[in-house]
Amino acid sequence: MVSQRNSQGIPDQPVRELIAVLDTSLVGVPQNTKDSRHRARTITSVKKILGNFGIDGESLIRYGMSARAAIAVYRAMFSPDDDDLTRIVDTSRWRQVLKVPTPTAPLSDLDEAEFEAMSLSLHRVPHLLDMWVANAPMNDILGYAPPSDEDWAQWAVLTPEASETISAYRWLSQRSITETLGRWSTESLHLEYRWQNDQQVGLFSAVALSAAGPEGRLLNAEIALRAVAPQHAEQMEQDQLFWQLQETAVDYLVKGKYLEAKTLFEFHLRRNLNDARTLNNLGFCTFPLSPSKALHWLGEAAVNGYVDVPINIYNQCCCLVALNRAGEALELAENYWQRQRQSDAMTGFLWVQSGDIWKLNGDCAAEQELIDLAIAAAREVGREDRATRWEERKVGLVSRPVSASASPLDGAIESGTA
């Protein structure tokens with residue numbers, strides 16, 4: 001059944017769809033006064049409708065979606081002073097408030113002393129922005145207005161909202177818009193388990209939680225993983241910086257700012273040597289600039305244990321095709337199909353060839369795109385027999401479980417990139 005929508009395009013029913021609209025509005029940076037007013041009206045309307053389900057929309061923004069509400073300010077901390085974002089965000093004042101130094105060069109080119117200072121200051125930013133979203137007037141949050149020194153000092157000593165409240169709203173947000181369980185907080189996993197098994201609803205009514213949550217076996221597996229590997233759980237809790245970087249990179253890629261996107265992960269790699277996710281994302285963002293360098297980083301990601309094999313293989317094949325090495329791409333794809341296939345496949349942004357250019361497409365299934373790429377590669381090297389084999393695989397590709405990404409870059413970038 002298709003939900004009805006009101007004149008502003010806001011669904012009249014499902015909570016999950018309402019929160020998705022809220023999320024889209026929060027992360028969408030307005031480019032002019034008209035955009036800003038429309039964004040504010042949409043957010044206000046969604047908050048009001050959520051109230052019909054017993055959900056405090058303002059608390060949801062402040063405690064469950066603070067990173068989304070503040071993402072433009074976070075991005076501005078990485079942006080050069082002539083970036084378009086500086087027209088929307090008072091970058092100079094925000095750097096003063098957050099104590100982030102103005103870089104004297106692109107992040108990847110900073111000397112060691114400046115890099116260390118920049119890295120340490122940026123590591124604190126997500127927490128500080130959470131404090132701002134929790135306390136600032138809602139109009140200031142929607143307008144990215146930096147606080148006064150007096151307000152900032154006062155908020156720093158305020159007692160935060162009860163952890164139960166923060167955890168509950170974070171859970172509601174994550175079960176609505178974050179499908180990859182690896183990105184859920186441990187508290188959210190536990191609340192979901194209690195809801196699925198004991199119908200404990202906490203702050204929310206049963207109708208507010210009526211949308212299906214994650215499959216029980218996957219939920220249990222993630223909880224067990226964090227129970228037996230506490231360091232894994234700790235890593236998940238410290239990953240906010242990485243996810244924020246990824247969100248920023250997505251924005252840059254969509255706008256064609258490939259150098260800026262690449263620089264973010266060069267910066268992150270300096271502090272996280274041999275991190276497979278960072279290597280993968282660096283390769284993905286480098287592809288439009290240099291397929292050969294991208295191939296190197298993607299290969300390093302694979303060597304260091306990058307887990308989403310089909311996306312990594314597809315991305316490497318894209319690089320090989322772009323480098324006129326279609327035969328090697330065909331062999332790599334064949335090796336994957338015969339020896340490395342995985343039971344689950346991620347979706348996300350991928351580079352897809354269209355004529356002579358590569359386009360960034362969202363919500364792509366890597367195996368399906370790999371088949372099409374292999375067919376084209378086989379025909380390019382004159383192997384119609386192998387093209388036929390791949391055509392047969394395309395017809396026979398059984399519908400298999402697909403893990404949706406929480407953000408565009410999750411399937412492509414973080415999962416292979418893009």
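First, a word on scope: everything that follows refers to the structure included in this document.

**Digging into helix α20 (residues 366-380)**
Between its first and last C-alpha atoms α20 spans 21 Å; for 15 residues at 1.5 Å apiece the expected length is 21 Å, and the two agree. Among all positions in α20, only Ala366, Glu367, Glu369, Leu370, Ile371, Leu373, Ala374, Ile375, Ala377 and Ala378 are buried. Where α20 ends, the next residue or the one after it, glycine 382, has phi of about 75°, a positive value.

**Let's talk about the packing of helix α1 (residues 15-27) against helix α10 (residues 163-177)**
With their axes 9 Å apart at the nearest point, α1 and α10 run at an angle of 95° to one another. When the axes of α1 and α10 are compared, the pair comes out roughly perpendicular. Along its contact with α1, which presents Arg16, Ile19, Ala20 and Asp23, the element α10 presents Leu172, Arg175, Ser176 and Ile177. Its residues placed into classes, the contact of α1 with α10 shows 4 nonpolar, 1 polar and 3 charged.

**A word on the pattern of salt bridges**
As enumerated under the stated definition, the model contains 23 salt bridges in all. Salt-bridge contacts for glutamate 215 lead to arginine 217; the nearest nitrogen and oxygen are separated by 2.7 Å. Judged by relative accessible area, glutamate 215 falls into the partly exposed class, the value being 44%. On the basis of relative accessible area, arginine 217 is assigned to the exposed category, the value being 52%. Ionic pairing is found between aspartate 385 and arginine 383, a salt bridge with its closest N-O pair at 2.8 Å. Owing to a relative accessible area of 43%, aspartate 385 belongs among the partly exposed residues under this scheme.

**Here's the deal with the packing of aromatic side chains**
Considering all chains together, one arrives at 15 aromatic pairs under this definition. Their ring planes at 80° and their centres at 6.1 Å tell us that phenylalanine 78 and phenylalanine 267 sit as a pair that is edge-to-face. Note that phenylalanine 78 is positioned in helix α5 (residues 71-78) and phenylalanine 267 in helix α15 (residues 258-271), a separation of 189 residues in sequence. Like phenylalanine 267, phenylalanine 78 is buried. Taking 6.2 Å as the distance between ring centres and 55° as the angle between the ring planes, the aromatic pair formed by phenylalanine 242 and phenylalanine 265 counts as tilted. Taken together, the residues span a long stretch of sequence, with phenylalanine 242 in helix α14 (residues 240-254) and phenylalanine 265 in helix α15 at a distance of 23 residues.

Quick notes on the rules
- Residues numbered from 1 in each chain as written.
- Predicted model: local features only at pLDDT ≥ 70, side-chain atom pairs only at ≥ 80, totals over all residues.
- Heavy atoms only, no water.
- Helix = DSSP H or I, 4+ residues; strand = E, 2+ residues; numbered from the N terminus.
- Expected span 1.5 Å × (residues − 1).
- Buried < 20%, exposed > 50% of the residue type's maximum accessible area, 1.4 Å probe, protein only.
- Axes fitted to C-alpha atoms, helices over the stretch in contact; angles between N-to-C directions.
- Parallel < 35°, antiparallel > 145°, perpendicular 65-115°, else oblique.
- Contact = heavy atoms within 4.5 Å.
- Nonpolar A, V, L, I, M, F, W, Y, C, P; charged D, E, K, R; others polar.
- Salt bridge = Lys/Arg side-chain N within 4 Å of Asp/Glu carboxyl O.
- Phe/Tyr/Trp six-rings, centres within 6.5 Å; stacked < 30°, edge-to-face > 60°.

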